[in-house]
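# Analysis of the macromolecular model
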Amino acid sequence: MSLSSKKNNMFDNGEKQVLPLRTKLYMPPLRPTLVPRQRLIGRLNEGMYNKLILISAPPGFGKTTLLCEWIRQSKIPVAWLSLDRSDNDPVQFLIYIIAALKTIEENIGDAALSILNSPRQPALEAVLTSIINDITAIPYDFVLVLDDYHLADTIPIHNALTFLIDHLPLQMHLIVATRVDPPLPLARLRARNQLMELRAADLCFNPQETTLFFKIMKLNLSSDDIVLLQTRTEGWIAGLQLAALSLQGRADIDNFIRSFTGDDRHIVDYLAEEVLTRQPEHIQKFLLHTSILDRLCGELCDAVTGQNNSQEIINELEKANLFIVPLDNKRRWYRYHHLFADLLRYRLRRENPDLKPMLHLRACEWYASNGLISDAIDHAMAAEDFERVAGLLEPIAMKMVMQSKLSTLQGWLTKLPDELIGRHPWLCLSRAWACFLTGHLDAIEPLLEKVEAKLTRPSELRISASATDRDEILGHILAIRAFLARGKGDITLTIKLSCKGFQRLPADDSVARSALALNLGYAYFLSGGMESAYHYLEQAYTIAKKIGSPFVALVAIYSQGDILRKQGKLRDAANTYRRALRLGTDWGKGHPLPATGYAYVGLSQIFYEWNKPDEAASYVTRGIKLGEESADHAIIFRGYITLAQLKQAKGETRAALSALKRAEEIADQSLRILEDSKEWQVHLWRVRIWLKQGNLEEAFRWAAAKKISEIEELNYLNEFEYLTLARVLIAQNRIDEALKILNGLLETAKAERRTESKIEILILQALSSDAEGDTALALSALREALSLAEAEGYIRIFADEGVHLTELLHKILEAPGTEQSSADSEFSPAYVKKLLLASRLSAPLSTKENLPEPISGRELEVLQCIGAGLSNREISEKLLISLNTVKTHLKNINDKLNVHNRTQA
């Protein structure tokens, strides 16, 4: 069984997705026997001032009918959704919510659908945020009705609805009709006067409504009989309706009315028996056989009952008002009243239990032949025909995984015997992919081993024995293991497994090949093989674009931009990110797709380096927002790391540390941030901020845990960590140890042609040599860095190093012949002056001519705060140091400058 032959798309953008069942979006039509309920209509009108209208009552109290009557009278636009048992998958639930809202405004939820159909498991709050943002643009009031909400019984769905209620736009009104109170924050809404409730006591017919009902039913009852029925049923509408049906054509009305007593359940049983037993035998048989169906249509009922006149019988049932409810305006689809269906099923189980599996299998065959596979699987599951379930599920399982319909898929798979799943390799593999996406990594390898074991015994597998099928299965096994290896940081194994996967996979398996190409691109990027990485990312983009997978395509383009940046090609990188923005916006039909957030963050980093903080802040904010909308933790993580750099550059240390804290929280929440581990990024940036703010004790404590004598092989993957360590060593005046690290890193960066890394390493070498007193060597390294950086406009990589590098830049300018440099010079004096201006230090600080003792970096920060007019306490809060420390720095500054007060300093 070939995955590619089924046209499964692991990164489906939703365009190929089966449309929602339209019958669930239609408001049922009103019956001609309707009893007007103006007293309740008024209550509903008043409820429009509340956040939530809750209609909660047992079956048979007219909840749906009341809503239909009110909506017809109010003329307000309504989005209607009738829930059923299949709506317990949170992704499917939200897809239907969007489908209902699209009956109000066609464009609502387009961005949310792209989130739901990304390969990442979506966060429901992120999807709802996108939907809510769309709703706020609607210029009129409307109602969203969730009917039969009691059939949704999973916590994620209740949490999603709670989030929607908490953030409900003013123009939207929410109505929930249910048999039982849902676990929503009802007490809080009551306390805030944001809830209007209608319950069984409100919905019951009063005596006047009961009298009118029997008149409409053309039953000439005495007032005493009506009072008795009203009393016995307590106004319960279904009971009264059953009584009316039983009374049709009776001569002994008085005896009948006085013959039944008891609570609601007994009344229902009694009246149901009365109604059913009075139906012709062929009608009784039809009702019992079709009771297994949640929805009815003529063709489906013919298939289940084995007859060919089902539509005529359905028409008769509707005319007889026999508890059948139309589901669409064309009267093709119907359902039984829930209470009536329950009674029919109970009687079927009692009278003919062996018939039920056969009826379900007939329904299964009809649904399958009409392409409604989910319904077919539900009926096969009800019949406990697990072989049939596996056969139906296997062709769609992988697509369900990549559309994030994991709850429904896992619900089906958990009901299948493990031995059966083991005979269906694609069920095993889809479960393994699902486990990877949800972070259940320990469960993956046993599934893969099970498939491998069965491959040695082809007779036990439900696939052909062709080599192509075996290779495709093995290719997917290798792909999953390659993703796991990258997650564990084993880049060598990742590349090895991915290459083997490419060799195994058939050429037409574009889906798996695009995923492997993307994974290989990441792996080579992390190992420093930038050119190989770029090649595989281009391959991933080409395949993804061909098969219509925008997520993979956009991530591939963004990653290519990262490579160009590491190669020192800032302008090419910016153009690549912009290309991703254009494509992401075009594919999102004007609204950037969630994966476009990567490109926004990438552009922010470019503009930060070009010392354009406003543009950088704008781009990173938009990137983080898109990441939060789609719950893509990798985007959010990178965004907050970039935001921390921006804040630190502005001297907002507290805000920078706060952004790092948020990045740390995101890293803790996600198992998918594979290359950006907390240690490799968050804590290392924290160490660098400690150094900038003079918090050397914390930085030194971190470095103490690093054993310099046991330095591992230096490579791109650990470069950021060792550059951070080198900075700490320089601050500790351990220059030889710092230079040993820097020399090794420079050799690797040159070999891999990573210009950006070379620039940073050369700057640190210049600072190290200057600290040792070797000014000539320091200026030589700095000149090389400047010559590499000027053409692409690097600024912050120099400016962020502070006062010590500024002194070296002044020395560069003071060097003989620099001002007369020609067009052939390695760098221009204007560029150096631009860097000095960016450092906010336009004049040199000479430690030899003007000052008896050098001003430290922290003292310089205190001096700048004084110049800005800050008080001692404000300086303490801004620099995160104590008041006593501020006073100590002020005393040292006065002594070094030979002044007596703040103003002179």
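No experiment lies behind these values; they were computed from the predicted model shown. Counting restarts for each chain, with residues numbered from 1 along the sequence as it is written. Owing to the predicted nature of the model, reporting of local features is limited to residues with pLDDT of at least 70; listing and counting of side-chain atom pairs is limited to 80 or more, with chain, interface and lining totals taken over all residues. Excluded from the side-chain calculations are hydrogens and water; all other atoms, namely the structure's heavy atoms, are used.

### Focus: the overall build of the chain
A helix here means a DSSP run of H or I that spans at least four residues, while a strand means a run of E at least two residues long, and both kinds are numbered starting from the N terminus. Across its full length, the chain carries 46 helices and seven strands. Evaluated residue by residue, the chain yields a buried proportion of 57% over its 905 residues. By the convention used here, residues are in contact when the closest approach between their heavy atoms is within 4.5 Å. Contacts in the chain between residues far apart in sequence, at least 24 positions, make up 69% of those at least 6 positions apart. Within the structure as shown, the chain displays about 38000 Å² of accessible surface, and the carbon and sulfur contribution to it stands at 51%. Accessible area is worked out with a 1.4 Å probe on protein chains only. A residue is then buried under 20% of its type maximum, exposed over 50%, and partly exposed in between. Note on areas: these come from Shrake-Rupley sampling with a 1.4 Å probe, and a residue is covered only by the protein chains present in the view.

### Description of the pairing of strand 2 (residues 78-82)
Where burial is concerned, most of strand 2 is hidden: four out of the five residues are buried. Any two strands are treated as partners once DSSP identifies two or more bridges connecting them. One ladder, built from five bridges, connects strand 2 with strand 3 (residues 142-147); its direction is parallel. Bridge pairing in strand 3 links Ala 79 to Leu 144.

### Observations concerning the pattern of salt bridges
By definition, a salt bridge exists where a carboxyl oxygen of Asp or Glu is found within 4 Å of a side-chain nitrogen of Lys or Arg. All chains considered together, the criterion is met by 44 salt bridges. In this structure, Lys 566 engages Glu 756 in a salt bridge whose closest nitrogen and oxygen atoms are separated by 3.9 Å. Taken as a pair, Lys 566 in helix 29 (residues 550-566) and Glu 756 in helix 39 (residues 755-771) lie far apart in primary sequence, 190 residues in all. Across this residue pair, the class does not change: Lys 566 and Glu 756 are buried. With a closest N to O distance of 2.7 Å, Glu 760 and Arg 727 form a salt bridge. Of this pair, Glu 760 sits in helix 39 while Arg 727 is found in helix 37 (residues 716-731), placing the two residues 33 residues apart along the sequence. Each member of the pair Glu 760 and Arg 727 is classed as buried. A cluster of three or more residues bridged by salt bridges with shared partners is formed by Lys 24, Asp 84, Arg 295 and Asp 375.

### Topic: the environment of Val 401
Mapped onto the elements, Val 401 comes out in helix 20 (residues 386-402). Residues Val 401 and Leu 437 lie 36 residues apart in sequence; the distance between their C-alpha atoms is 8.5 Å. Once residues lying within four places of it in the same chain are set aside, the contact partners of Val 401 are Leu 406, Leu 409, Ser 430, Trp 433, Ala 434 and Leu 437.

### Quick notes on the sheet that holds strand 4 (residues 172-178)
With parallel pairing, five strands are arranged side by side in an open sheet as 2-3-4-1-5. Here the strands that pair on one side only, and so sit at the sheet edges, are strand 2 and strand 5 (195-199). Averaged over neighbouring strand pairs, the angle between their axes works out to 15° when direction is ignored. In this sheet, strand 5 lies alongside strand 1 (residues 52-56) in parallel orientation, the contact comprising five bridges. If you follow Leu 52 over to strand 5, its bridge partner there is Leu 195. Helix 3 (residues 90-101) rests against strand 2 and strand 3 of the sheet, and its axis sits at about 145° to strand 2. To get an axis, a line is fitted to the C-alpha atoms, and for a helix only the part in contact is used. The angle between two axes follows their N-to-C directions and goes from 0 to 180 degrees.

### What about the packing of aromatic side chains?
For any pair of aromatic rings, the description rests on two quantities: the centre-to-centre distance and the angle between the ring planes. Ring geometry is summarised as follows: Phe, Tyr and Trp rings, the Trp one being its six-membered ring, pair when their centres sit within 6.5 Å, and such pairs are stacked at plane angles under 30 degrees, edge-to-face over 60 and tilted between the two. Summed over all chains, the structure comprises 16 aromatic pairs. Considering the side-chain rings of Phe 607 and Trp 610, the 5.6 Å spacing of their centres and the 90° angle between planes classify their relative orientation as edge-to-face. Across the pair, exposure class does not vary: Phe 607 and Trp 610 are buried alike. Charge over a ring is defined by NZ of Lys or CZ of Arg lying within 6 Å of the ring centre and within 35 degrees of the ring normal. Over the aromatic face of Tyr 96 sits the side chain of Lys 24, whose NZ or CZ is 3.7 Å from the ring centroid. Lying across the ring of Tyr 541, Arg 579 places its NZ or CZ 4.7 Å from the centre.

### Focus: the nonpolar core
The criterion is simple. A nonpolar core is a set of buried Ala, Val, Leu, Ile, Met, Phe, Trp, Tyr and Cys residues joined through side-chain atoms within 4.5 Å. Counting 208 residues, the largest nonpolar core has Tyr 336, Leu 786 and Phe 798 as its most contacted members. For this core, the leading source of residues is helix 27 (residues 510-527), giving eleven residues. Look past the residues within four positions of Phe 798 in its chain and what remains in contact with it is Ile 759, Ile 763, Leu 782, Ala 785, Leu 786, Ala 789, Leu 805, Tyr 831 and Leu 835. If you look at the next biggest cluster of nonpolar residues, it comprises 48 residues, including Leu 21, Leu 128, Phe 163 and Leu 184.

### A word on the environment of Glu 46
In this structure, Glu 46 sits in helix 1 (residues 38-47). Accessibility expressed as a relative area gives 53% for Glu 46, which makes it exposed. Separated by 150 residues in sequence, Glu 46 and Met 196 have C-alpha atoms that sit 8.3 Å apart.

### A few points about the side chain of Asn 519
When you line up the elements, Asn 519 lands in helix 27. Between N or O atoms, a polar contact is any pair within 3.5 Å; within protein, one atom must be a potential hydrogen donor and the other a potential acceptor, and residues adjacent in sequence are included only when both atoms are from side chains. Here Ala 482 takes part through its backbone oxygen, which lies 3.5 Å from a polar atom of the side chain of Asn 519. Among all residues touching Asn 519, those that are not within four sequence positions of it are Ala 482, Phe 483, Arg 486, Thr 494 and Ser 498.

### Focus: unusual backbone geometry
Of note, the phi angle at Lys 75 is positive, near 65°, even though the residue is not glycine. Inspection of the secondary structure puts Lys 75 in the loop between helix 2 (63-74) and strand 2.

### Here's the deal with the side chain of Glu 756
By relative accessible area, which is 11% here, Glu 756 ends up buried. Setting aside residues no more than four positions away along its own chain, Glu 756 makes contact with Arg 565, Lys 566, Gln 567, Gly 568, Leu 570, Tyr 794 and Ile 797.

### Side note on the confidence of the model for the chain
Looking at the chain as a whole, its pLDDT mean stands at 83, while 88% of the residues score no less than 70. Here residues 671-679 is a poorly scored stretch, pLDDT under 50, and it has 29 contacts once near neighbours within four places are set aside; other chains count. Each residue carries a pLDDT value, the predictor's own confidence for that position, ranging from 0 to 100.

### Overview of the packing of helix 39 against helix 40 (residues 775-789)
Viewed as axis vectors pointing N to C, helix 39 and helix 40 meet at an angle of 160°, and their least axial separation amounts to 8 Å. Relative to helix 40, the element helix 39 lies roughly antiparallel. Two packed elements cross with a definite hand, and for helix 39 against helix 40 that hand is left-handed. Along the contact surface, helix 39 presents Thr 755, Lys 758, Ile 759, Leu 762, Ile 763, Gln 765, Ala 766, Ser 769 and Asp 770, while helix 40 presents Thr 775, Leu 777, Ala 778, Ala 781, Leu 782, Glu 784, Ala 785, Leu 788 and Ala 789. Note on residue categories: nonpolar means Ala, Val, Leu, Ile, Met, Phe, Trp, Tyr, Cys or Pro, charged means Asp, Glu, Lys or Arg, and polar means any other residue, Gly included. Among the residues forming the contact of helix 39 with helix 40, the class breakdown is eleven nonpolar, four polar and three charged. Should an angle fall under 35 degrees it is called roughly parallel, over 145 degrees roughly antiparallel, and 65 to 115 degrees roughly perpendicular, with every other angle called oblique. By convention the crossing between two helices is left-handed if the near helix lies anticlockwise of the far one by an angle smaller than a right angle, and right-handed if it lies clockwise.

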